[in-house]
Amino acid sequence: MVQTFVQSTDDVVRFLTDQHNLIKDLFEEVLSASDDKARETAFVELRQLLAVHETAEEMVVHPRARHEIADGNAIVDARLKEEHDAKEQLSALENMDIGSKEFLDALLRFRDDVLHHAEQEEHQEFNKLGRELDADDLERMVKAVQAAQAIAPTRPHAGVESATANFAVGPFVSMLDRARDVISAVLR
């Protein structure tokens, strides 16, 4: 099961920012792992968190940002392009030898891209939503994000970046991903 729990559950901005911090920590855990097994365990946790986190943003946060903040369409379109690229990078990482220099080099590039993306979301999207929405809206959104994460795919699926696509194919893909995760864990 994907662990996405963070302390802030009454404000979607704090909740997602806390997840960004958890993602940063998981990158460091993967990079500093003492052996391939530890690296693989940390990478799987990172992959799963990234997948559910991005899906929830695509389903809940980005649609709201399009309507609530100035230049919302342009801001969200740029974030969706970054998310598409990140899903492709993450898929490529999944297919690499986790103990190789190639994997570590690609992971460092990926980490830099993800951290830049998170910074852009926080400054251009989250902070503005935090100013535009009242406390009740922010709390309702965190509940919607948590619900979306509970049913989200646990692997990257490039091309599924819109709320509509996530609602249409997400539950089916999530079921397959979660079954694949269980089988992979048993075979490790």
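Residues numbered from 1 in each chain as written. Predicted model: local features only at pLDDT ≥ 70, side-chain atom pairs only at ≥ 80, totals over all residues. Heavy atoms only, no water.

J.: Give a detailed account of helix 5 (residues 135-151), specifying residues and quantitative values.
T.: Given 3.6 residues to a turn, an α-helix orients residues that are three or four positions apart in the same direction. Look at helix 5: 25 Å from first C-alpha to last across 17 residues, which is about the 24 Å you get at 1.5 Å a residue. Capping the start of helix 5, D134 holds a side-chain oxygen 3.2 Å from the backbone nitrogen of D136, two or three residues further along. (Helix = DSSP H or I, 4+ residues; strand = E, 2+ residues; numbered from the N terminus. Expected span 1.5 Å × (residues − 1). Polar contact = N/O pair within 3.5 Å; in protein donor to acceptor, adjacent residues only side chain to side chain.)

J.: Hey, could you go over the side chain of R47 for me, with residue numbers and the actual values?
T.: Tracing the chain through its elements places R47 in helix 2 (residues 36-68). Under the relative-accessibility criterion, R47 is labelled buried at 4%. Of the polar contacts made by the side chain of R47, one reaches the backbone oxygen of T154; its length is 2.6 Å. (Buried < 20%, exposed > 50% of the residue type's maximum accessible area, 1.4 Å probe, protein only.)

J.: Help me get a handle on empty space enclosed by the protein, residues and values and all.
T.: Going through the model one piece at a time under the given rule, you end up with two cavities of 30 Å³ or more. For the second largest cavity, the calculated volume is near 40 Å³. Along its surface, the second largest cavity is lined by H20, I23, L50, H53, E54, V114, L115, H117, A118 and E121. Elements that contribute at least two residues to the lining of the second largest cavity include exactly helix 1 (12-31), helix 2 and helix 4 (101-132). Among the elements that make up the lining of the second largest cavity, the one with the highest residue count is helix 4 (five residues). When the residues that make up the lining of the second largest cavity are grouped by side-chain class, the tally is five nonpolar, three polar and two charged. (1 Å grid on protein atoms, 1.4 Å probe; cavity = no way out; pocket = protein on both sides within 12 Å on 5 of 7 lines; lining within 4 Å. Points joined across faces, edges and corners; volume = space filled by probe spheres on them. Nonpolar A, V, L, I, M, F, W, Y, C, P; charged D, E, K, R; others polar.)

J.: How would you sum up the pattern of salt bridges? Please name residues and give values.
T.: Enumeration according to the criterion identifies 15 salt bridges in this entry. Across the pair D36 and R39 runs a salt bridge, and its minimum N-O distance is 4.0 Å. Taken together, the residues span about one helical turn, with D36 and R39 both in helix 2 at a distance of three residues. Among the charged side chains, a network of salt bridges with common partners joins R64, E68, D137 and R140. (Salt bridge = Lys/Arg side-chain N within 4 Å of Asp/Glu carboxyl O.)

J.: Describe unusual backbone geometry, naming the residues involved and giving the relevant values.
T.: Positive phi values are uncommon outside glycine, yet D71 reaches one of about 60°. Its place among the elements puts D71 in the loop between helix 2 and helix 3 (72-94).

J.: Residues and numbers for the environment of T17, please.
T.: Position of T17 relative to the elements: it lies in helix 1. Given the relative accessible area of 23%, T17 is considered partly exposed. In sequence terms T17 and E121 are 104 residues apart; their C-alpha atoms lie 9.2 Å from each other. With near-sequence residues (within four places) excluded, T17 lies in contact with E122 and F126. In terms of polar contacts, T17 uses its side chain to reach the backbone carbonyl oxygen of V13, at 2.7 Å. (Contact = heavy atoms within 4.5 Å.)

J.: Describe the environment of T154, and please don't skip the residues or the numbers.
T.: Within the secondary structure layout, T154 lies in the loop between helix 5 and helix 6 (163-187). Along the primary structure T154 and V44 are separated by 110 residues, whereas in three dimensions their C-alpha atoms are 9.3 Å apart.

J.: If you had to explain the packing of helix 1 against helix 5 to someone new, which residues and values would you point to?
T.: Packing of helix 1 against helix 5 leaves a shortest axis separation of 7 Å and a crossing angle of 40°. Taken together, the axes of helix 1 and helix 5 are oblique relative to one another. Within the contact between the two elements, helix 1 uses V12, V13, F15, L16 and Q19 and helix 5 uses L138, M141, V142, V145, Q146 and Q149. Taken together, the residues of the contact of helix 1 with helix 5 break down into eight nonpolar, three polar and no charged. (Axes fitted to C-alpha atoms, helices over the stretch in contact; angles between N-to-C directions. Parallel < 35°, antiparallel > 145°, perpendicular 65-115°, else oblique.)

J.: If you had to explain helix 1 to someone new, which residues and values would you point to?
T.: Spanning 20 residues, helix 1 covers 29 Å between terminal C-alpha atoms, matching the ideal 28 Å at 1.5 Å per step. Among the residues of helix 1, V12, V13, F15, L16, Q19, H20, I23, L26, F27, V30 and L31 are the ones counted as buried. The buried residues of helix 1 occupy one face: seen down the axis, they fall within an arc of 160°. If you follow the buried residues of helix 1, they end up packed against helix 2, helix 4 and helix 5. For helix 1, the N-terminal cap is D11; the gap from its side-chain oxygen to the backbone nitrogen of V13 is 2.7 Å. (Arc of directions from axis to C-beta.)

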